Amino acid sequence: MAKITFDGIEVDVPDGTTILNAARTIGGGIVPPAMCYYTPLKGSGGKCRACLVRVAAGSAKDPRPMPKLVASCVTPVQDGMVVENTTSEQVLNVRKGIVEMLLINHPLDCPVCDQAGECDLQNFAFEHGVSTTRYEEERRTFEKIDIGPLIQLHMTRCILCYRCVYTADQLTEKRVHGVLGRGDAAEIGTYIENIIDNEFSGNVIDVCPVGALTDKTFRFKQRVWFTKPVNAHRQCENPKCCGKVVLWYKGKDVLRVTARKDQYGEVKEWICNTCRFDKKETSDWTLEGPAHIDRSSVISANHYELPVLNAQVIADLPESSLRDLEQNPPMRLGN
Amino acid sequence: MGRKLLTEHINVEGIDTFEVYRKHGGYRSVEKALKTMTPDEVVEEVKKSGLRGRGGAGFPTGMKWSFLAKPEGVPRYLVCNADESEPGTFKDRQLMSKLPHLLIEGMITSSYALGANTSYIYIRGELLYVLRILEKAIAEAYAAGFLGKNILGSGYDLDLYVHPGGGAYICGEETALLESLEGKRGNPRNKPPFPAVQGLYARPTVVNNVESIAAVPVIVNDGGDEYAKIGVGRSTGTKLISACGHLNKPGIYEIELGVPVEEFIYSDEYCGGIWKGRDLKAVVAGGSSVPILPKELILKTAAGEPRLMTYESLSDGGFVTGTMLGSGGFIAMDETTCIVRNTWNFSRFYHHESCGQCSPCREGTGWLEKILHRIEHGHGTERDIDVLASVAKQIEGNTICPLGEAAAWPVSAAIRHFRDEFEWHIRNPQEATRPGAVYPGKAVLV
């Protein structure tokens, strides 16, 4: 075990734990943000630099501070380490800079983006960024890229976090997509207009922290904060699929199906494309109840209430609607 | 006349062949090490020599070797970093093409010291002609029994391979090099773990520059103590300097560390002064990534001491008034040089070569280049200089690998020492963008 001090709070964690995961054992607002790190994906992390922290003392044996800020998601703790995150002005300034960099080539098209409300970059920018940019040069844009019938690749929004590449690499056979080009010309691509077609490809949508990879069967159907997340499961025939999902309802319609995520937005278990794209009837699933949405999301900020219909409205409703309301009352969900 | 330890026989005809190289004392260090020394003794000699990595970082080679993890039954590797591609640095390719057996001899002796039975020379892909020279030399060494099984009957086996790189500057960064050598995209790895613990194929690995490895035979033959007598302080031995720019005699010089910069630039033994009798304006002393210094600070330190060609003297004053020896890529600029254009040119390079893996470098290098392009082309604004300095600061120290610093330092230093030239460009766009325009004032040291 190693004892570290994180923003003045002492915590004991097993040897080999990263600084970020040590902070997650404390939880709350002091946990560094992470755009590229994703616990279930081996080798992820270290790229976005959003989680940089200051190590004020390396260890009890060698209490010298580390010369540069370190990526907390890939740096293991050492006994006696002292880490500054929210308590370091330098760290907070660097985060502002990282937000500014990331937003150079990520358009602020949240009003038309399907990821709005669930976007890690939106949260990161809200918590650490500034409302203006000093960037006035030309930005990069892409034509829409067709990578198959289920997933939309919108490269203009990509922040090159590599999560989808790791997902495809570790979860599927015959990976057909990766990073092409380098520098700010780098892009996620399928190399000569291939399509992504395998049973677990839909998971790249879940891991994308921004709206670069979205669900074609859900695009533009609804803002997420108007939908109702419900936990559900089914006996999936695919042994690699956990069959545990979140159904996103609008009224009685299931608009999309996603894997379940933890409080840091990371999937708990992977799901197959059959569960994700082909099972969109309530009858396909065993419902468990409302899904808990955390991370100060706009989704959880919404309070789902039964519609309050006043007498005049009821009086004006056609008989068929009244019958429908009696037979299928809207579910009462949320807080 | 300074001593030449590496390049003494460089002009001997046929020195690139095994026969001639051997006749001139080649491969003595292999015989000495394998027959009379233990691997630890070789490491000890390198430690005693004080040899510092000649690739740019200047980390003590012997100390680096002693960090190598040696778990039982696990292979370890020596990799020679021959991916020389920094603008202004062109010494290794000369060494390899003229004296291929010197590098091979160094590889054998070093591999023996490290207990590596397979070693690699990762060479810049564009240097195909050098790769052919090395492959021919390696075949000769195999035929003579200096490579392969049971070398010289010592029981030590070594296989040596040359691997061409992917034509990317980033592949010169040691972990990106290892990724590339493994057949993957040349992206730098997060550290820790360091290569000495988990390097090539996740095995303990040492990555050394060509010149560092080429110095090992000299150290083993003459002894570390003898080598350490050359040079000044912690800068021991000789160093290859690739001098270019507005010099009367640009070229590659082997110097004893400690030569005054002024002597290096102006003496006939070395660069012979600035061409066309012009005045020196600035120098980039260690390859394009190190901070530029104006004439006043490259010839003398801020304290007025003569600046020497050593790691310590060149870095005297930190980055406020100093720079780095780096890889020894010495670029001299005369009074007609436009610092803004030069900085933009360096930025173009780093923007083009950024791997794009981490956000500050991917986005920041492009931002720097675009602002500099505007200023150089007469579209700069008053706030651009501060934005430039701030963006460079945002990149510096926040990236996975040192390419971020390499891109940021030239910009920060140019603004630090030549801010008034940037301001002149912005305030006099028509005059500044006229072909052949030269800033009329003197640089102001901030």
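The rules we used
Residues numbered from 1 in each chain as written. Chains lettered and ligands numbered in written order. Predicted model: local features only at pLDDT ≥ 70, side-chain atom pairs only at ≥ 80, totals over all residues. Heavy atoms only, no water. Helix = DSSP H or I, 4+ residues; strand = E, 2+ residues; numbered from the N terminus. Rg over C-alpha atoms; globule rule 2.2 N^0.38 Å. Buried < 20%, exposed > 50% of the residue type's maximum accessible area, 1.4 Å probe, protein only. Contact = heavy atoms within 4.5 Å. Areas by Shrake-Rupley, 256 points an atom, 1.4 Å probe, with all protein chains shown as cover. Lys, Arg positive; Asp, Glu negative; His and termini not counted. Charge placed at Lys NZ, Arg CZ, Asp CG, Glu CD. pLDDT = per-residue confidence, 0-100. Pairing = 2+ DSSP bridges. Axes fitted to C-alpha atoms, helices over the stretch in contact; angles between N-to-C directions. Buried area = accessible area lost by both parts, 1.4 Å probe. Salt bridge = Lys/Arg side-chain N within 4 Å of Asp/Glu carboxyl O. Polar contact = N/O pair within 3.5 Å; in protein donor to acceptor, adjacent residues only side chain to side chain. UniProt positions renumbered as here; feature names shortened; annotations may be inferred. Patch = residues over 30% accessible without salt bridge, like charges linked within 9 Å, V, L, I, M, F, W, Y side chains within 5 Å. Core = buried A, V, L, I, M, F, W, Y, C linked by side-chain atoms within 4.5 Å.

## Observations concerning the overall build of chain A
Step number 1: When helices and strands are tallied, chain A shows nine helices and 14 strands.
Step number 2: The globule rule puts the C-alpha radius of gyration for 335 residues at 20 Å, and the 22 Å found for chain A is close to it.
Step number 3: Expressed along its principal axes, the backbone C-alpha trace of chain A runs to roughly 75 × 50 × 45 Å.
Step number 4: Per-residue burial over chain A gives 52% buried out of 335 residues.
Step number 5: Considering only contacts in chain A between residues 6 or more positions apart, those separated by 24 or more positions represent 65%.
Step number 6: Accessible surface for chain A amounts to roughly 16200 Å². Of this, 52% is attributable to carbon and sulfur atoms.
Step number 7: Each charge class in chain A can be summarised by its mean position, and for the 40 positive and 43 negative side chains these summaries are 2 Å apart.

## Here's the deal with the overall build of chain B
Step number 1: Assigned secondary structure in chain B consists of 19 helices and 11 strands.
Step number 2: Computed over the C-alpha atoms, the radius of gyration of chain B is 22 Å, within 12% of the 22 Å expected from 2.2 N^0.38 for a compact globule of 446 residues.
Step number 3: C-alpha atoms of chain B, sized along the principal axes, occupy 75 × 45 × 35 Å.
Step number 4: Taking all 446 residues of chain B together, 60% fall into the buried category.
Step number 5: In chain B, the proportion of contacts linking residues at least 24 apart, taken out of those at least 6 apart, comes to 69%.
Step number 6: Put simply, chain B shows about 16400 Å² of open surface, and 53% of that area lies on carbon and sulfur atoms.

## A word on the confidence of the model for chain B
Step number 1: Here chain B shows a mean pLDDT of 95. Residues at 70 or above account for 99%.
Step number 2: Of the two predicted TM-score estimates for the complex, the pTM is 0.90 and the ipTM is 0.91.

## Thoughts on the sheet that holds strand β2 (residues 9-13) of chain A
In a beta sheet, neighbouring strands pair by backbone hydrogen bonds and run either parallel or antiparallel.
Residues and elements named next belong to chain A.
Step number 1: The five strands are arranged β2-β1-β5-β3-β4 in an open sheet whose pairing can be described as mixed. Here the strands that pair on one side only, and so sit at the sheet edges, are β2 and β4 (70-71).
Step number 2: Alignment of strand β3 (residues 52-57) against strand β5 (residues 82-84), held across three bridges, turns out to be antiparallel. Following the sheet pairing, V55 is matched in β5 by V83.
Step number 3: Contacts from helix α1 (residues 19-26) reach β1 (2-6), β2, β3, β4 and β5 within the one sheet, and its direction differs from that of β2 by about 115°.
Step number 4: Sitting on the sheet, helix α2 (residues 89-102) touches β3 and β5, and the angle it makes with β3 is about 165°.

## Topic: the interface of chain A and chain B
Step number 1: With 33 residues of chain A at the interface, the matching set in chain B holds 35 residues.
Step number 2: Surface buried jointly by chain A and chain B totals about 2900 Å² across both partners, of which 46% is contributed by carbon and sulfur atoms.
Step number 3: Looking at the side of chain A facing chain B, the largest losses of area belong to M101, R134 and R182 of chain A, adding up to 27% of the total buried there.
Step number 4: Remark: the boundary between chain A and chain B carries five salt bridges.
Step number 5: Note that E137 of chain A and R374 of chain B form a salt bridge whose closest N and O atoms lie 2.7 Å from each other.
Step number 6: Counting every contact that joins chain A to chain B gives 23 residue pairs in polar contact (both at pLDDT 80 or more).

## Regarding the UniProt feature "domain: 4Fe-4S His(Cys)3-ligated-type" (unreviewed entry) in chain A
Step number 1: Per the UniProt annotation, the sites labelled "domain: 4Fe-4S His(Cys)3-ligated-type" (unreviewed entry) are residues 90-129 of chain A.
Step number 2: Annotated as residues 90-129 of chain A, this span is 55% helix and 0% strand, and its ends, taken at the C-alpha atoms, are 14 Å apart.

## Section: the environment of P107 of chain A
Residues and elements named next belong to chain A.
Step number 1: Here P107 is to be found in the loop between α2 and α3 (120-128).
Step number 2: Residue classification places P107 among the partly exposed positions, given a relative accessible area of 27%.
Step number 3: Distance from P107 to R157, taken between C-alpha atoms, is 6.3 Å for residues 50 residues apart in sequence.
Step number 4: Discounting chain neighbours no more than four positions away, the residues touching P107 are T156 and R157.

## Quick notes on a nonpolar patch on the surface
Step number 1: A grouping of L180, Y191 and I192 of chain A is seen on the molecular surface, where their side chains present a nonpolar patch of about 350 Å² in accessible area.
Step number 2: Of note, Y191 of chain A is situated in the loop between β9 (187-189) and α5 (203-207).

## Some remarks on the nonpolar core
Step number 1: Core analysis: the biggest nonpolar cluster contains 67 residues, and M35, L121, F124, I188, L213, L247 and W270 of chain A have the highest contact counts within it.
Step number 2: Per-element accounting of this core gives the leading share, five residues, to α2 of chain A.
Step number 3: Discounting chain neighbours no more than four positions away, the residues touching L247 of chain A are K228, P229, V230, A232, V254, R256, V257, W285 and L287 of chain A.
Step number 4: In terms of nonpolar packing, the next biggest core, distinct from the first, is built from 59 residues, C80, L103, I121 and L158 of chain B among them.

## Observations regarding the pattern of salt bridges
Step number 1: Scanning all chains against the criterion turns up 49 salt bridges over all chains.
Step number 2: A salt bridge links E266 of chain A to R24 of chain A; the nearest nitrogen and oxygen atoms lie 3.3 Å apart. With E266 of chain A in the loop between β13 (253-259) and α6 (273-278) and R24 of chain A in helix α1, this pair connects stretches of sequence that are 242 residues apart.
Step number 3: Given a relative accessible area of 2%, E266 of chain A falls into the buried group.
Step number 4: Across the salt bridge formed by R383 of chain B and E136 of chain A, the nearest N and O atoms sit 2.8 Å from each other. Residue R383 of chain B is found in the loop between α16 (359-376) and α17 (384-395), and its partner E136 of chain A is found in the loop between α3 and β6 (145-146); the two belong to separate chains.
Step number 5: Among the ionic contacts, a cluster of salt bridges with common partners joins E136 and E137 of chain A together with R374, R383 and D384 of chain B.

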